[in-house]
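If you want the building blocks of each chain, they are given just below.
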Amino acid sequence: MGVSGGVDGLEPWKEKAFQGLAQEVFGWQFELCAPYRSFCKQRGVTPSSVSDWREIPAVPTTAFKYVNLVSTPYTSISRKPDAAFYTSGTTLGSEHRGCHFVPRVSLYRAAFHQPFRRALLPDVEEIRIISLIPSPISAPHSSLSWMVGMAADAFAYEVDWLVQPNGEWTRGPFDVLRAASEEEEPVLVLGTALAFLHLKEAADEPSVSLPTGSRAMVTGGFKGVSRAIGRSELYSTITDYTGIARDRIVNEYGMTELLSQMYEPVLTEGTRAAGRLEAPPWLGVRVLDPTTLEDQPEGEQGIISFFDLANLGSVSHVLTEDLGVLEEGRLAVSGRVPGSEPRGCSRAMDDLMSGGGRL
Amino acid sequence: MSVNRDAELAQINEAKVALQQARPAILSRPVAEIADVLGRVGERFSNPDDQLRRMALDKLPSEAKLSRELAEVVLDGMAAGWTREALSILLKSEFSDPALLDGLVRVQQKGHEKSLSVPSLMAVGPTLCVQVSSGSVPGVGVNALIRSLLVKAPTLIKPGAGDVVLTQLFAEALRDADAELGSAVAVRYWSGGKDHELTKQAVAGADAVVVYGSDESVLSVQGMLPVSCRFIAYHHRFGIGIVGREKLRDSMEDLASEVARAVAMFENRGCVCPQVLFVERGEDVEVEAFAHLIAESFERLACEWPSHVEPVFADRESALLRQVRDTIEIHQAAGSVRMLHGGIENWTVVSELDLLQLPFLPGRSLRIRPVQNLEDVPSLLGESCRHIQSVGYAVAEDRVDDIAVLFGRAGASRVVPFDAMSFPPAWWLHDGQGPLRALIGWVEVQ
């Protein structure tokens, strides 16, 4: 369970409170999501048999690519979902992109609001946002774009959308950054790790220094791209090209399959919080033994799983493919090792199926 | 540009200059003699008492991510194609008279008795061949190197990340056996996926370039070449298996074992491994029972040929396997598939009852799809047939030719019994091309 403080609605919940809601949510999803119900029954789990939320079967994130996991009393004809978020495409092609149907985005908005404020805007009410993430209008199926859109609606007095969905700039990014650096008001720069790398490539001279109090949010990794750099190199790049110091760069961890997010609370706790993600109280976080799926002892690496109460409209208990370590309620995500999997000379069957086969 | 990078570029350039200087000497050597030297070196990898084989087996497991047991089997299988006998057959399969590689040969043309001239022919290999390989299937680099030298082409080769040891050991042993031939080969490794600059530098000036790799790698290298350069691509393909109903009426244990071995060899990473098995339905055919027998074979193989596990990646591999199996379990709960798996062992067998798209199964995995008739398989696969290389088969003898014609016309280039699927002979038509003829050009004197 995440540990939070303050009086912003993010205070830690009692285990019993989370337990009760988790069981209620499970009952809802068991009733309304037929594939999930069959899966749970096959594992011998029903709402009446569960005494602990950890016993509720978790679906793998991969399942979002292949199974329609929606928990809503409405049919798609009687009431369409508010949004459908797709994972970013890789070599698998669009047919194999994960899909998260969101019956009601109001819950997404509610889950987003306070954790974002606490992590990124603990000291100001409003801020100018410079987004290296495409706008939700241009990328309506990106949960990340929606998230930045919600941030813009709630907290920005001015927004610059600098990136198109195809990765191209809407205008010269350094023209905007340089203009912002000549103002007095701090700005918030939002981007994926890859977007910040692109920013470096677009630099004509590394001299922009954004106003005091500026901050950056960086999210995502390098999945599906051929380049990868280490975290410290990435943060140095952000500092070099925007002037935002390491203790003003907040890492966000989220995924299409979850409607809640986690952040490094460096703005409130300083760099000692770097690399340690904080979850909101409605997001249960576990690290599991890769073989037994039992909870790992504190400090030991395992597979990360989440129980996200905000995922009411799909499935809340989600098993990721990421590895991490839990310490004092904070999550450290282990870096991916590019190219670690042995590769041969065979193509993958599912890669081919998008090419016209109907296997 | 870094100092290291400059040094690497300089090394590649120096190697290419030296290779081109080595060409006159190998051109003057009879091809039979070259094949003999290559075969003698290749045979050392099959000799249990030879230090070369022992060195290879010491390093192969960690490099190619194969267990010691499986590495031995793979080395035996690959080295069977590197013997003097195998190379002699290869030459004769590719050229009516291998002396065509040594100089002009007069050719009698039937049906042209009235022709005033009797043409002479000669096969000419590239002046500089650059071979860019990838992946972790060991032995591909040695095959590539042998093919180049048999057509007398000085060769710079970049092996795959999991194939450096064998390629280097072969090249070193060749230098010891025959300095002149050895000087016509240079082995350099760099990360082809990341370091395009080195690849670009390596292929510059070559008049033949061979690329083994993904579609992306092949296209990337092709884009670096002038039109005058001969370009040969062995892009990634996949294997399938087909089983006729007539083969499932009697004892199925042996067949199940052959299928499981074909999957497990190369840890299912090879284009010669069947990834999906099409099994023909019949009244008295129990596809599910066959799936269980294959699962039992995998279980036995887990002891005989254990998988290689890098401790540092064990958690990552477990997490990926868990993702896929749990996803399939959701389909299983809906009644559309049946899954058998080895728990902590990495084998998985999935019998599909419905038309589904499933995630890629890592490890030793096989999808089994019952079909009404094997003849329906090409239309089921659609355009994917163009990516098929090998079709492993178990059908009645009188069906083999018809099936081969059907799959061949759909795109497959090799139709082969399961027990011979893993190791094509040296003289096979690799992806439908003669492995030596693909490298040479013809000169005719009229």
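Residues numbered from 1 in each chain as written. Chains lettered and ligands numbered in written order. Predicted model: local features only at pLDDT ≥ 70, side-chain atom pairs only at ≥ 80, totals over all residues. Heavy atoms only, no water.

## Regarding the overall build of chain A
Link 1 in the chain: For chain A, the count of helices and strands is ten helices and 13 strands.
Link 2 in the chain: Taking the intrachain contacts of chain A between residues at least 6 apart in sequence as the baseline, contacts between residues at least 24 apart amount to 67%.
Link 3 in the chain: Of the roughly 15100 Å² of accessible surface on chain A, 51% is carried by carbon and sulfur atoms. (Helix = DSSP H or I, 4+ residues; strand = E, 2+ residues; numbered from the N terminus. Contact = heavy atoms within 4.5 Å. Areas by Shrake-Rupley, 256 points an atom, 1.4 Å probe, with all protein chains shown as cover.)

## Here we look at the confidence of the model for chain A
Link 1 in the chain: The share of residues in chain A with pLDDT of 70 or more is 84%, and the mean pLDDT across the chain is 86.
Link 2 in the chain: Taken as a whole, residues 90-95 of chain A scores under 50 in pLDDT and shows eight contacts with residues more than four places along the chain or in a different chain. (pLDDT = per-residue confidence, 0-100.)

## What about the nonpolar core?
Link 1 in the chain: By size, the foremost hydrophobic cluster in this structure holds 98 residues, and its most contacted members are B:Phe45, B:Leu150, B:Leu277, B:Phe290 and B:Ile294.
Link 2 in the chain: With eight residues, helix H12 (residues 287-304) of chain B is the single largest residue contributor to this core.
Link 3 in the chain: Leave out the neighbours within four places in its chain, and B:Phe45 touches B:Leu52, B:Arg53, B:Ala56, B:Leu75, B:Ala79, B:Trp82, B:Leu166, B:Leu169 and B:Phe170.
Link 4 in the chain: In this structure, A:Tyr108, A:Val148, A:Ala152 and A:Val315 belong to the second largest nonpolar core, which totals 70 residues. (Core = buried A, V, L, I, M, F, W, Y, C linked by side-chain atoms within 4.5 Å. Buried < 20%, exposed > 50% of the residue type's maximum accessible area, 1.4 Å probe, protein only.)

## Things to note about H12(B)
Residues and elements named next belong to chain B.
Link 1 in the chain: For H12, built from 18 residues, the straight-helix expectation of 26 Å at 1.5 Å per residue is met to within 8% by its first-to-last C-alpha distance of 26 Å.
Link 2 in the chain: Where H12 is concerned, the buried positions are Val287, Phe290, Ala291, Leu293, Ile294, Ala295, Ser297, Phe298, Leu301 and Ala302.
Link 3 in the chain: Tucked inside the fold, the buried residues of H12 contact strand S8 (238-243), helix H11 (253-264), strand S9 (274-280), strand S10 (337-341), strand S11 (347-352) and strand S12 (364-371). (Expected span 1.5 Å × (residues − 1).)

## Here we look at the side chain of A:Asp322
Link 1 in the chain: One can find A:Asp322 in strand S12 (residues 317-327).
Link 2 in the chain: A polar contact is formed between the side chain of A:Asp322 and the side chain of A:Tyr253, at a distance of 2.8 Å. (Polar contact = N/O pair within 3.5 Å; in protein donor to acceptor, adjacent residues only side chain to side chain.)

## Regarding the pairing of S10(B)
Successive residues of a regular strand alternate their side chains across the two faces of the sheet.
Residues and elements named next belong to chain B.
Link 1 in the chain: Of the pairings in the sheet, the one linking S10 to S11 comprises five bridges and is antiparallel in character. Within S11, the position partnered with Arg338 by the bridge is Ser351.
Link 2 in the chain: Once S10 ends, the chain turns through five residues before running back antiparallel as S11, passing Gly343 with a positive phi of about 65°. (Pairing = 2+ DSSP bridges.)

## Looking at the sheet that holds S9(B)
Residues and elements named next belong to chain B.
Link 1 in the chain: Spatial strand order, S10-S11-S12-S9-S8-S13-S14: seven strands in an open sheet with mixed pairing. Bordering the open sheet on either side are S10 and strand S14 (414-417), each of which pairs with just one other strand. Direction aside, the axes of adjacent strands within the sheet are offset by 20° on average.
Link 2 in the chain: Relative to S9, S8 runs parallel, the two being bridged by five bridges. Considered in S9, the bridge of Gly241 is made with Leu277.
Link 3 in the chain: Set on the sheet, H11 makes contact with S8, S9, S12 and strand S13 (388-394); between it and S12 the angle comes to about 130°. (Axes fitted to C-alpha atoms, helices over the stretch in contact; angles between N-to-C directions.)

## Thoughts on the domain arrangement of chain A
Residues and elements named next belong to chain A.
Link 1 in the chain: Under the domain assignment, chain A is made up of domain 1 (15-99 + 283-318) and domain 2 (106-275).
Link 2 in the chain: Centre-to-centre, using C-alpha coordinates, domain 1 lies 28 Å away from domain 2.
Link 3 in the chain: Approximately 1600 Å² of surface area, both sides summed, lies buried where domain 1 meets domain 2, with 72% of it carried by carbon and sulfur atoms.
Link 4 in the chain: Of all residues in domain 1, Phe85, Phe306 and Ala310 bury the most surface against domain 2, accounting for 37% of the area lost on that side.
Link 5 in the chain: At the boundary of domain 1 with domain 2, the tally comes to zero salt bridges.
Link 6 in the chain: At the level of secondary structure, the elements contributing two or more residues to the side of domain 1 that touches domain 2 comprise strand S2 (83-86), strand S10 (283-288) and strand S11 (302-308).
Link 7 in the chain: Looking at the side of domain 1 that touches domain 2 element by element, the count peaks at four residues for S2.
Link 8 in the chain: Of the residues that constitute the side of domain 1 that touches domain 2, the class distribution is 13 nonpolar, four polar and two charged. (Domains from an automatic or database assignment. Buried area = accessible area lost by both parts, 1.4 Å probe. Salt bridge = Lys/Arg side-chain N within 4 Å of Asp/Glu carboxyl O. Nonpolar A, V, L, I, M, F, W, Y, C, P; charged D, E, K, R; others polar.)

## Description of the sheet that holds strand S6 (residues 187-192) of chain A
Residues and elements named next belong to chain A.
Link 1 in the chain: Pairing is mixed across the open sheet formed by six strands, whose spatial order is S5-S4-S6-S7-S8-S9. Each edge of the open sheet is held by one strand with a lone partner, namely strand S5 (156-161) and strand S9 (262-263).
Link 2 in the chain: Sheet topology note: the strand S4 (residues 127-131)/S5 ladder contains five bridges and is parallel. What sits directly across from Ile127, in S5, is Ala156.

## Some remarks on the packing of aromatic side chains
Link 1 in the chain: What the rule picks out here adds up to 21 aromatic pairs over all chains.
Link 2 in the chain: Aromatic side chains A:Phe112 and A:Phe116 sit 4.9 Å apart centroid to centroid with 40° between the ring planes, which places their arrangement in the tilted category. In this pair, A:Phe112 and A:Phe116 are both assigned in helix H4 (residues 105-120), four residues apart and thus about one turn of the helix distant. For the pair A:Phe112 and A:Phe116, one class covers both residues: buried.
Link 3 in the chain: Through successive ring pairs, a cluster of aromatic residues spans A:Phe112, A:Phe116, A:Phe155 and A:Tyr263.
Link 4 in the chain: One cation-aromatic arrangement involves A:Arg286 over A:Trp53; the distance from NZ or CZ to the ring centre is 5.8 Å.
Link 5 in the chain: Directly above the ring of B:Trp305 sits B:Arg261, whose terminal nitrogen or CZ lies 5.0 Å from the centroid. (Phe/Tyr/Trp six-rings, centres within 6.5 Å; stacked < 30°, edge-to-face > 60°. Lys NZ or Arg CZ within 6 Å of the ring centre and 35° of its normal.)

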